[in-house]
Amino acid sequence: MTLITKISIPSKLLTVIALTGAIFLGCALYTSNRIAGIDAAYTNLLDKESKAVVKVARLNRVVAQLGYAALRSAAEAGTAEGKSIGRHLDTLAAEATTLIDGARREAPTFRARIDQIAGQFDACLRAIRDMRDLAEAGKADEALSLARRIADGVQKEMTESARMLVDDMEASLQKRSDDLTAEVNATRSLLLAVSLTGIAIGAAACILVVIFGVTRPIRRLAAKLQRMADGAIDAEITEAGRGDEIGLIGRAVEGIRTLVARNAAEQAKIQRMADEA
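Before going into details, it helps to say that this report is about the structure given with it. The shown structure was predicted, so the numbers you read here are calculated from the model rather than taken from an experiment.

## Brief notes about the overall build of the protein
Broken down by element type, the protein carries six helices and zero strands. For the protein, the C-alpha radius of gyration of 45 Å lies well beyond 19 Å, the compact-globule estimate for 277 residues. Along the first, second and third principal axes, the C-alpha set of the protein runs to 160 × 25 × 20 Å. Here the contacts in the protein between residues at least 6 apart in sequence split such that 73% fall between residues at least 24 apart. Entry remark: accessible area of the protein is about 16,400 Å², with carbon and sulfur atoms responsible for 61%. In the protein, 37 side chains carry a positive charge and 35 a negative one; their mean positions are 4 Å apart.

Now the structure itself:
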């Protein structure tokens, strides 16, 4: 007698339902973990890498303002306005340094290129300091000439490097966004496929339980009852050995078969006695 024949029909159905539920639960947990990972990636994309793009773009504007202020500083050397512009230069330099440090933290993938821009910025600051020294020494023409060389040289190079970096960072962000969107769609498709598979498995298991655990045994019992009704009382009731509800019915049929056999034996005995008399 197999294990399935010892389990009650409700227990079989509950087992199938539990297995189907386990499939859905596993799918839900897997999907939840995947979505949490994607959400974390999106958060990093928005909170860090996109902000790094803004910082590099802002750095480009600050460098442009720095070059313009350097030219004005050289032109206004020795005046109160020149001193005010010098303080503004220091403020812009500090802001640029902060932007570079922030971009390094928030876009580690592009750290090498940000370091390259930082090197260009340091060269630009050294040249501006030399220009200010010339201006303060009263060499206005030389200071103005150096300021123009700064604008046409290291400043222009740095501006172009920053512009290209912004373009590449934006392209990288777009690709990452597209990849995450594709991952979300793949997770959704997987969830749908697993859900449909779970439903199919559960439905198939229920059908098998009904066919092999209920329908076929009952049909066999009905056939044996029909044979008994036709007078055949020697049919073996194998279902009586089952441990489920079909077994209960089988044992009841076995009891009926035994009773019919005993009555038939008594009738035969009475008939023999009558014939002998």
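## Observations concerning the packing of helix 2 (residues 80-106) against helix 3 (residues 111-136)
Angle between the axes and distance between the axes are the two parameters that describe a pair of packed helices. With their axes 10 Å apart at the nearest point, helix 2 and helix 3 run at an angle of 170° to one another. Taken together, helix 2 and helix 3 sit at an angle that is classed as roughly antiparallel. When you trace helix 2 past helix 3, the crossing you get is left-handed. When helix 2 is examined against helix 3, the residues G86, L89, D90, A93, A96, T97, I100, A103 and R104 are found in contact with a partner set consisting of R111, I114, D115, A118, F121, L125, I128 and R132.

## Things to note about helix 5 (residues 154-229)
Helix length check: helix 5, at 76 residues, gives a terminal C-alpha distance of 109 Å against a target of 112 Å (1.5 Å per residue), a fit within 8%. Positive phi appears at G231, one or two residues downstream of helix 5, with a value of about 105°.

## Side note on the nonpolar core
Nonpolar side chains in soluble globular proteins generally cluster together in the buried interior. In this structure, L59, F121, I128, M131, I150 and M169 are the most contacted members of the largest nonpolar core, which totals 41 residues. The residues contacting I128, other than those within four sequence positions of it, are L66, A70, L89 and I150. By size, the runner-up hydrophobic cluster in this structure holds six residues, among which are L221, I237, I246 and V253.

## Considerations on the packing of helix 3 against helix 4 (residues 140-152)
Running from N to C, helix 3 and helix 4 cross one another at 165°; their axes reach a closest spacing of 8 Å. In terms of their interaxial angle, helix 3 and helix 4 are classed as roughly antiparallel. In this structure, helix 3 meets helix 4 at a crossing whose hand is left-handed. Contacts between helix 3 and helix 4 involve C124, A127, I128, D130, M131, L134 and A135 from the first element and E142, A143, L146, A147 and I150 from the second. Along the lines of polarity and charge, the residues of the contact of helix 3 with helix 4 split into ten nonpolar, no polar and two charged.

What counts as what
Residues numbered from 1 in each chain as written. Predicted model: local features only at pLDDT ≥ 70, side-chain atom pairs only at ≥ 80, totals over all residues. Heavy atoms only, no water. Helix = DSSP H or I, 4+ residues; strand = E, 2+ residues; numbered from the N terminus. Rg over C-alpha atoms; globule rule 2.2 N^0.38 Å. Contact = heavy atoms within 4.5 Å. Areas by Shrake-Rupley, 256 points an atom, 1.4 Å probe, with all protein chains shown as cover. Lys, Arg positive; Asp, Glu negative; His and termini not counted. Charge placed at Lys NZ, Arg CZ, Asp CG, Glu CD. Axes fitted to C-alpha atoms, helices over the stretch in contact; angles between N-to-C directions. Parallel < 35°, antiparallel > 145°, perpendicular 65-115°, else oblique. Left-handed = near helix turned anticlockwise from the far one by under 90°. Expected span 1.5 Å × (residues − 1). Core = buried A, V, L, I, M, F, W, Y, C linked by side-chain atoms within 4.5 Å. Buried < 20%, exposed > 50% of the residue type's maximum accessible area, 1.4 Å probe, protein only. Nonpolar A, V, L, I, M, F, W, Y, C, P; charged D, E, K, R; others polar.

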